Amino acid sequence: MMHDNVDAVVSWTSTNIVPQLLGGLSWVLIMSLAAPVQATPEILAAVDPPTADHSQFEQLQRDFANGREVTRACLDCHTEAGKQVRASIHWRWEYRHPQTGQLLGKQHVVNSFCNNVTTNLGRCTACHAGYGWDGPDFDFSDDSRVDCLVCHDTTGTYEKAPKRAGRVLQEPVKVHGHPLQPPDLGKVARNVGPTSSETCGSCHFFGGGGNGSKHGDLDTSLLDPPPALDVHMSDAGAGLECSDCHVERAHQIAGSRYQVAAHDRKGTGAPGQRRYAATCASCHGVEPHALGSDPAALYQGAKLNAHVDRIACQTCHIPAMARGGVATKTWWDWSKAGRLDADGNPIKRHDADGNLTYWTRWGEIEWGEDLEPDYRWFDGTMHYTLPDQTIDSSQPVPINRFAGNHDDPDARIWPFKMMRGKQPYDPVKDRLVYMQLFGKTEQAYWQGLEWQPAIASAMEAAGLPFSGEVGFTETRMAWPITHMVAPAEEALACGDCHAREGRMAELTGFYLPGRDSDPRLDRWAQLALGAALLAIGVHIGLRILFHRRRRHAE
Amino acid sequence: MTRTVVMFTGLERLWHWSQALLIILLLLTGFEVHGSYSLLGFGTAATLHVLAALALIVVWIFAVFWHLATGEWRQYAPTTRGLAAVVRFYLYGMFRGESHPFNPRPKRKHNPLQAASYLLFGVVISPLLWITGLLYLGIDLWLAPAGLPLAPVALIHVAAAYGAALFLLVHVYMITTGRTPTTHLKTMITGREESDEAARQPSQAVPSQARRGL
């Protein structure tokens, strides 16, 4: 699970291609292979063995009744860890956007899956890195409520209760047919270690209502992926864990979907510098393609590097989403929820692969695998449509939106999963709404199957106005795709985009060779060529005709 | 009365045929890059296009030097003398079996129409292609990305390429209009041509003279 054989190869390439191309020209001149060969030193990333063996710590030689007792033991030595975690988005679920000023984070945004966290706490906060956030009175300043183990467990046995606000599982349960056992907290505590794709994935693979549901590029297929699925995370590839890219600083993890580093111009940074960035460029540099030693490979490497300023790495190197055999949701229609069968019982339907396509509690769901992403110019700054903003329900409402175009040097073309669906809104105030799905009260939609009380209770809890009317509006939500990077040879080919009906077909405002043209120019030029051919044909005909006549006369 | 003369030296033929192959390759790959059809795949087409273009620039550098050094550039000096007779021949005379009014000789190899079309290709179409081509190549590789927009550069390049294709089409057809359909082709391959002393003057063209070809 950890870095057994990490030998991440980082290639370093020259920054100046002009002399390289002149080199190519000189090859043509003297018709010999004269282009200089790039030196590509291999850098072997070593993994530090830990300096502490937690199984020998006195504080941990005991049984623990609950998670908070473990945390208190951790804090004995790691005196600053609680404060650090409490300052992080993993704890606050809140994010003040530095560019837009919007107050975002799971506490505040609406999404197009289970909509919102507010009033659904006990269920949603099963994935909170803490213990017991089940109401507005949760004490965010209490270090002992921080859950160290959910990220630092190495045993794979640390189970949280699915609906108890992040508390540790206390008795055996079955979840979707899988039996879960309460963990031996002492054993888990004595075996803590670095985070892993297992610990990160225990939450991030399951967002949006289940494995792979939300992102399209994050699911359990990444736990042991073949290189073709993820060349970085595969043990047969680089063997990386999430944290190798998502580096941390005082428990703040690099990599954000609210402010995406859409165009990293810094690259690897100075030699020896450890950059706080999860970008491709932070390892691969800003000229990642090797310049080959023959003119063709030299040109191709230089040309690919010249794409980096306009095309995100992900666009070519993630040829499709949900490639690991786990489907992702593409459509969620809440307006169809609430139907019962003839006997008044809830309805559950699955597709041939076992994906839930209808559930009384959820409505109608569509799934997809091996999906071609949508491509958009993206400047990295995500704006959200929050329930205090007016929407235009006559067209699909963008849950999040972003700017970017060809002329914006900060923007690049990125791949997106465009989640679509229908969700409740307030048709009088023209606003998106929060809704209470989870809970023991009758207001909760999953109890009473009535939208009006479910929305009224959630809006009241959030202190927002609600007209009492419920409508459904189509929405879409953009998820930038950045995981499931394929090996280089399986990246998109030039012609996938440089084509009349290629992957860039929807993007406008720039000239793309192979796609664009001036139709008038093509029409007139082809007319001229056609006329020339016709004239030639007539000329040949006349030559033959008169030649025969002359011979006949002779 | 005929005699064999060397019309094209080895160097001229090497220049002509290397240029011909490169231009055909450039047209084939170029129109694939333009999206007109799919043959080799965009990446291969674009790479071949750039390499062939660089090679052609080298060929041209040699050719320009050769033309200037030898004075052969005068072959393309435009003239209207005899132009009307040549046009009349292609539109009328050749159907009647007349001899070509222009008799090529090493000092003046091209008839007035031919010289004018080669001049058009050499000083208009080609320079347009390689100037816009170098800009096209350079915009993304070493010119500032926000500087020159690609669209006008690309469209002029494409327009000139259509011009080159038109030239090639007509040129290839005109090859077949010699005394036999393959006379000109043979001359361009072997360099030798049978010079017809008797037909030097257009007025001496003899319609009844037996013609072996079309």
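Worth saying up front: this structure is predicted, and the values here are computed from it rather than measured.

Calculation criteria
- Residues numbered from 1 in each chain as written.
- Chains lettered and ligands numbered in written order.
- Predicted model: local features only at pLDDT ≥ 70, side-chain atom pairs only at ≥ 80, totals over all residues.
- Heavy atoms only, no water.
- Helix = DSSP H or I, 4+ residues; strand = E, 2+ residues; numbered from the N terminus.
- Contact = heavy atoms within 4.5 Å.
- Areas by Shrake-Rupley, 256 points an atom, 1.4 Å probe, with all protein chains shown as cover.
- Lys, Arg positive; Asp, Glu negative; His and termini not counted.
- Charge placed at Lys NZ, Arg CZ, Asp CG, Glu CD.
- pLDDT = per-residue confidence, 0-100.
- Buried area = accessible area lost by both parts, 1.4 Å probe.
- Salt bridge = Lys/Arg side-chain N within 4 Å of Asp/Glu carboxyl O.
- Polar contact = N/O pair within 3.5 Å; in protein donor to acceptor, adjacent residues only side chain to side chain.
- Nonpolar A, V, L, I, M, F, W, Y, C, P; charged D, E, K, R; others polar.
- Axes fitted to C-alpha atoms, helices over the stretch in contact; angles between N-to-C directions.
- Parallel < 35°, antiparallel > 145°, perpendicular 65-115°, else oblique.
- Disulfide = S-S within 2.5 Å.
- Buried < 20%, exposed > 50% of the residue type's maximum accessible area, 1.4 Å probe, protein only.

S.K.: Whenever I open this one, the overall build of chain B confuses me. Can you help?
M.R.: Looking only at helices and strands, chain B has 6 helices and 2 strands in total. In sequence order, the secondary structure elements of chain B are arranged as β-α-α-α-α-α-α-β. Long-range pairs, those at least 24 residues apart, make up 69% of the contacts in chain B with a sequence separation of at least 6. On chain B, roughly 11100 Å² of surface is accessible, and the fraction owed to carbon and sulfur atoms is 72%.

S.K.: Is there a simple way to think about the overall build of chain A in this case?
M.R.: If you tally the helices and strands in chain A, you get 16 helices and 17 strands. Taking all contacts inside chain A whose residues are at least 6 apart in sequence as the whole, residues at least 24 apart take part in 69%. Per element, the accessible surface of chain A, about 27000 Å² overall, is 53% carbon and sulfur. The positive charge centre, built from 53 side chains, and the negative charge centre, built from 67, are 6 Å apart in chain A.

S.K.: Would you mind showing me how to read the confidence of the model for chain A here?
M.R.: Caution is warranted with low-pLDDT regions, since their predicted coordinates should not be read in detail. Residue and element names in this part refer to chain A. Averaged over all residues, the pLDDT of chain A is 91; the fraction at 70 or higher stands at 92%. This model gives residues 1-15 a pLDDT under 50, and the stretch forms 42 contacts once residues within four places in sequence are excluded. Predicted confidence for residues 26-46 stays below pLDDT 50, and this span has 30 contacts to residues more than four positions away or in other chains.

S.K.: Explain the interface of chain A and chain B here, please?
M.R.: Quite often, the size of an interface is put as the accessible area lost when its parts meet. Taken together, the contact between chain A and chain B spans 42 residues of the former and 39 residues of the latter. Summed over both partners, the interface of chain A with chain B comes to about 3800 Å²; 73% of that surface belongs to carbon and sulfur atoms. On the chain A side of the contact with chain B, Y299(A), Y511(A) and R543(A) bury the most area, a combined 20% of that side's loss. Across the contact surface, chain A and chain B share 1 salt bridge. Note that K303(A) and D140(B) form a salt bridge whose closest N and O atoms lie 3.8 Å from each other. Summed over the shared surface of chain A and chain B, the result is 12 residue pairs in polar contact (both at pLDDT 80 or more). Residue assignment for the side of chain A that touches chain B shows that the elements contributing at least two residues are α1 (18-30), α11 (295-307), α15 (494-497) and α16 (519-553) of chain A. Top element by residues in the side of chain A that touches chain B is α16(A). It accounts for 17 residues. The residue inventory of the side of chain A that touches chain B, partitioned by class, reads 25 nonpolar, 9 polar and 8 charged.

S.K.: What exactly am I supposed to notice about the confidence of the model for chain B here?
M.R.: Residue and element names in this part refer to chain B. Residues at a pLDDT of 70 or more form 88% of chain B, whose mean pLDDT is 88. Long-range and interchain partners of residues 198-213, a stretch whose pLDDT sits below 50, account for 26 contacts in this model, where long-range means more than four residues apart. Interface confidence for the predicted complex, given as ipTM, is 0.88, next to a pTM of 0.89.

S.K.: Is there a simple way to explain the packing of α11(A) against helix α4 (residues 112-141) of chain B in this structure?
M.R.: Helix packing geometry: the angle between the two helix axes and the distance between the axes. Contact geometry of α11(A) with α4(B) gives a least axis separation of 8 Å together with a crossing angle of 60 degrees. Taken together, the axes of α11(A) and α4(B) are oblique relative to one another. Counted together, Y299(A), A302(A), K303(A), A306(A) and H307(A) of α11(A) and L137(B), D140(B) and L141(B) of α4(B) form the full contact between these two elements. Along the lines of polarity and charge, the residues of the contact of α11(A) with α4(B) split into 5 nonpolar, 1 polar and 2 charged.

S.K.: I tried to follow the state of the cysteines on my own but got confused; where do I start?
M.R.: Linking two cysteines covalently via their sulfur atoms produces the bond known as a disulfide. Residues and elements named next belong to chain A. Summed over the entire model, instances satisfying the criterion amount to 1 disulfide over all chains. Covalent S-S linkage joins C127 and C203, the inter-sulfur distance amounting to 2.5 Å. Classification of the bridge connecting C127 and C203 rests on its S-S torsion, roughly -110 degrees, and on that basis the disulfide is left-handed. You can see C127 sitting in the loop between α5 (121-124) and α6 (149-152) and its partner C203 sitting in helix α8 (residues 197-204), a full 76 residues away along the chain. The closest cysteine sulfur to the non-disulfide-bonded C316 is located on C497, 5.8 Å from its own sulfur. Between C494, a free cysteine, and C316, which holds the nearest cysteine sulfur, the sulfur-to-sulfur gap is 8.3 Å.

S.K.: In this structure, what is going on with unusual backbone geometry? I would like to understand it.
M.R.: Peptide bonds are mostly trans, and most non-glycine residues show a negative phi. Residues and elements named next belong to chain A. The backbone phi angle of T119 is positive, close to 65 degrees, even though this residue is not glycine. With respect to the helices, strands and loops of the structure, T119 is situated in the loop between β2 (103-104) and α5. Backbone geometry places L449, a non-glycine residue, at a positive phi of 55 degrees. The class of L449 is partly exposed, set by a relative accessible area of 26%.

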